[in-house]
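Survey of secondary and tertiary structure
Chain residues, written in single-letter form:
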Amino acid sequence: MRVSSDRKPTKKHTEQCAKKYDIRAGNQIKQWSMVECNWLRSLFLIASDTLGLGIAWQVSRRLNQDFSPLPPELNWGEFAGFTGLFWAFAAAIVTGFAYHNFYRGESQWRNYVKQAQVISSVYMASLVVSYFYSPTVDAPRSLFFPAWIGSIVMIIGLRLLLTLLFDQFPIARIHTPVFIIAPSDRLSYLAKIVEKRTGYKVVGVLTSSLANTSHAIQSIISSGAKEVIAEGLPETQLASQLYWQLRNAGIGLRLVPSSLMLLHRRGTPEIFASMPMIRIESSLLANWEYIFKRCLDLVAAFLGLIVLSPVFIGVAIAIKTSSKGSVFYTQDRIGLQGQSFRMWKFRSMFMDADRRQSELEHLNKSSDGVMFKIEQDPRIIPIGHFLRSTSLDELPQLFNVLIGQMSLVGPRPLPVRDVARFTSWHHTRHLVMPGITGLWQISGRSDLDTIDDVAKLDLFYIDRWSLNFDLEILIETLRLVLFGKGAY
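Our next topic: the overall build of the chain. Along the backbone of the chain there are 20 helices and 13 strands. Within the span of the chain, comprising 488 residues, buried residues form 43% of the whole. Contacts in the chain between residues at least 24 apart in sequence constitute 72% of all its contacts with a sequence separation of at least 6. Just so you have it, the chain exposes about 27,700 Å², and 63% of that area is on carbon and sulfur atoms.

A word on the pairing of strand E9 (residues 328–334). Of the strand pairs in this sheet, E9 and strand E10 (residues 340–346) are connected by seven bridges, and their pairing is antiparallel. From the neighbouring strand, Ile 334 faces E10, where its bridge partner is Ser 340. Counted between consecutive antiparallel strands, the loop separating E9 from E10 contains five residues, among which Gln 337 sits at a positive phi close to 55°. Sheet topology places E9 next to strand E12 (residues 414–415); two bridges connect them, and they run antiparallel. Counterpart to Ile 334 in the pairing with E12 is Leu 414.

To continue, consider unusual backbone geometry. Backbone geometry at Asn 101 places phi at a positive 65°, although glycine is not the residue there. Secondary-structure assignment places Asn 101 in the loop between helix H4 (84–99) and helix H5 (112–133). Judged by relative accessible area, Asn 101 falls into the partly exposed class, the value being 32%. Of note, Gln 337 is a non-glycine position whose phi angle comes to about 55°, a positive value. Among the structural elements, Gln 337 can be located in the loop between E9 and E10. You can call Gln 337 exposed: its relative accessible area is 53%.

This part covers the pattern of salt bridges. A complete count under the given rule lists 17 salt bridges for this structure. Across the pair Asp 393 and Lys 345 runs a salt bridge whose closest N-O atoms are separated by 3.5 Å. Of the two residues, Asp 393 is situated in the loop between helix H15 (384–389) and helix H16 (397–402) and Lys 345 in strand E10; the sequence distance between them amounts to 48 residues. Classification of Asp 393 by relative accessible area gives buried; the value is 3%. Residue Asp 458 is joined to Arg 429 by a salt bridge in which the shortest nitrogen-to-oxygen separation is 2.6 Å.

Attention shifts here to helix H8 (residues 214–223). Buried residues of H8: Ala 216, Ile 217, Ser 219 and Ile 220, and no others. Each buried residue of H8 lies within a common arc of 160° when the element is viewed along its axis, so the set occupies one face. Pointing more than 90 degrees away from the buried face of H8 are the exposed residues Ser 214, Gln 218 and Ser 222. Elements that come into contact with the buried residues of H8 comprise strand E3 (177–182), strand E4 (201–207), strand E5 (227–230) and helix H10 (242–248). Looking one or two residues beyond H8, the residue adopting positive phi is Gly 224, at roughly 80°.

Bringing the sheet that holds E4 into the picture now. Spatial strand order, E4-E3-E5-E6: four strands in an open sheet with parallel pairing. If you trace the sheet from one side to the other, it starts and ends with E4 and strand E6 (252–255), each paired once. The sheet shows a mean angle of 20° between the axes of neighbouring strands, direction not considered. With four bridges joining them, E3 and E5 adopt parallel strand pairing.

Bringing the sheet that holds E10 into the picture now. Reading across from one edge, E10-E9-E12 is the order of the three strands in this open sheet, with antiparallel pairing throughout. Lying at the two open borders of the sheet, with one neighbouring strand each, are E10 and E12.

As a further point, take the nonpolar core. Nonpolar side chains in soluble globular proteins tend to end up buried together. Core analysis: the largest hydrophobic core is formed by 30 residues, its most contacted members being Leu 53, Trp 57, Phe 89, Ile 93, Phe 97, Ile 119 and Tyr 123. Aside from chain neighbours lying at most four places away, what touches Phe 89 is Leu 53, Trp 57, Val 122, Tyr 123 and Ser 126. In this structure, Phe 341, Met 343, Leu 387 and Leu 395 belong to the second largest nonpolar core, which totals 28 residues.

Moving on to the side chain of Lys 293. Relative to the helices and strands, Lys 293 is located in helix H12 (residues 286–307). Not counting residues within four places of it along the chain, the set of residues in contact with Lys 293 comprises Ser 407, Val 409, Tyr 461, Trp 465, Leu 467 and Asp 470.

Here we come to a nonpolar patch on the surface. Together, Leu 298, Val 299, Phe 302, Leu 303, Ile 306, Val 307, Leu 402 and Ile 403 make up an exposed nonpolar region whose accessible area comes to about 750 Å². Among the elements that line the nonpolar patch, the one with the most residues is H12, at six residues. With respect to the helices and strands, Val 307 occurs in helix H12.

Looking now at the environment of Pro 146. Assignment of secondary structure puts Pro 146 in helix H6 (residues 141–168). When the C-alpha positions of Pro 146 and Leu 63 are compared, they lie 8.3 Å apart, and in sequence the two are 83 residues distant. Beyond its immediate stretch of four places on either side in the chain, Pro 146 contacts Ser 60, Leu 63, Arg 141 and Ser 151.

Judged from the six bridges that link them, E3 and E4 form a sheet pairing that is parallel. Looking at the pairing, Ile 181 lines up with Leu 206 of E4. Regarding topology, helix H7 (residues 187–198) serves as the crossover connection from E3 to the parallel E4, and that connection is right-handed.

So, on to the packing of aromatic side chains. In total, this model carries 17 aromatic pairs according to the counting rule given. With 4.8 Å between their ring centres and 40° between their planes, Phe 89 and Tyr 123 make a pair best called tilted. Of this pair, Phe 89 sits in helix H4 while Tyr 123 sits in helix H5, placing them 34 residues apart in sequence. Owing to a relative accessible area of 1%, Tyr 123 belongs among the buried residues under this scheme. Judged by centre distance (5.4 Å) and plane angle (90°), the rings of Phe 144 and Phe 145 are edge-to-face. On the basis of relative accessible area, Phe 145 is assigned to the partly exposed category, the value being 42%.

Here is what the cut-offs are and how they apply
- Residues numbered from 1 in each chain as written.
- Predicted model: local features only at pLDDT ≥ 70, side-chain atom pairs only at ≥ 80, totals over all residues.
- Heavy atoms only, no water.
- Helix = DSSP H or I, 4+ residues; strand = E, 2+ residues; numbered from the N terminus.
- Buried < 20%, exposed > 50% of the residue type's maximum accessible area, 1.4 Å probe, protein only.
- Contact = heavy atoms within 4.5 Å.
- Areas by Shrake-Rupley, 256 points an atom, 1.4 Å probe, with all protein chains shown as cover.
- Pairing = 2+ DSSP bridges.
- Salt bridge = Lys/Arg side-chain N within 4 Å of Asp/Glu carboxyl O.
- Arc of directions from axis to C-beta.
- Axes fitted to C-alpha atoms, helices over the stretch in contact; angles between N-to-C directions.
- Core = buried A, V, L, I, M, F, W, Y, C linked by side-chain atoms within 4.5 Å.
- Patch = residues over 30% accessible without salt bridge, like charges linked within 9 Å, V, L, I, M, F, W, Y side chains within 5 Å.
- Right-handed = clockwise from strand over helix to strand, strands pointing away.
- Phe/Tyr/Trp six-rings, centres within 6.5 Å; stacked < 30°, edge-to-face > 60°.

Right, dumping it as structure tokens:
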């Protein structure tokens, strides 16, 4: 049926129609400043990757000098002491890293497992290219495989070292202006912890109920914000309005996620039964990734006990000379599936510390009273403050790892007293094996004063778990231990 109208489009209506465009088409070019991109960090990473590759190739060449020489067809001259073939590999790896945002991305430059995959892809691709270039030309295996494995070890190893330095010194810190959108009762809390824990500067706030109004995007742009941190957004309108407006304006978006949103990242979008859905299915290698984690736990714990044995002896002597009593302290903790086990530590308190805890409950710093934390604890022995600030008191838990009660990384096991005060959703953290360190320890440690804050971090870890995530946590833990931040 045809519907006609005698109304003619007015000039104003025509102008409004002309302004309409696909929201995905940006209407301005994003300007990247030197500060945003942190070019100094990127240059260090590029230099580190090239250096790591160079070391691997030099070692491989020395190992290969008594075996097969490099075929003349692959000898492309030398520059700065390295063959042309090396510079071709270096260019390919750096280009691949840049493509995957390993030089700029705030999280991707720490994706060590993916970086190892990219390096391997370059070496595998070189075999294909070499075959089509000339099937009779083959790089010596005594050179190819040491260079391949050595490149992964050296590049990732140097990046791990740089991670410790970048996170400790201002070279990696970008004091980004940030705009916060959240429910009204969460605005001040989020603003406070963001400025305290990241150094970001909060330049504006807005309640989440107004997130998709025209006023919101105008306020964000006029504030000069480079990122938006949002919580509690109206989900049905997010994709079609705020997200695309921010993207077109060149402004980053960080969402404070629910557990459901974390699961979305593991899924594949698809249309099923004429409905948009997220399909989440297990990977064929998923179990192997966890098996590798457990193997890493056992090997690292065994080697750690051997290498750190002089430290164990030194700490034991220090404890004995500092106070009377045993060197070790054991306490019942709640671990996997809510099972109780005895966790080992170096003793950092007087022998009657457990009995005196009830006398100090009124000094508990934890606002909800679930965890017991006080500053300047009078029960700590003289050497105890040093043991706690350096986390040396946690080293005996390597024994717990060896006997299968703990992992290197996982939710921190809490005492029976604390767990008895949990609400039902807090027990989700017991679905995985507890760890010596975890996301809690690198995300505030003593600054977190409620079990809700701790449990949310544990749920984030469980939902997002990967081998690379464990590696990130271990590296950050090492940095915190070396510089003694956040423990008391």
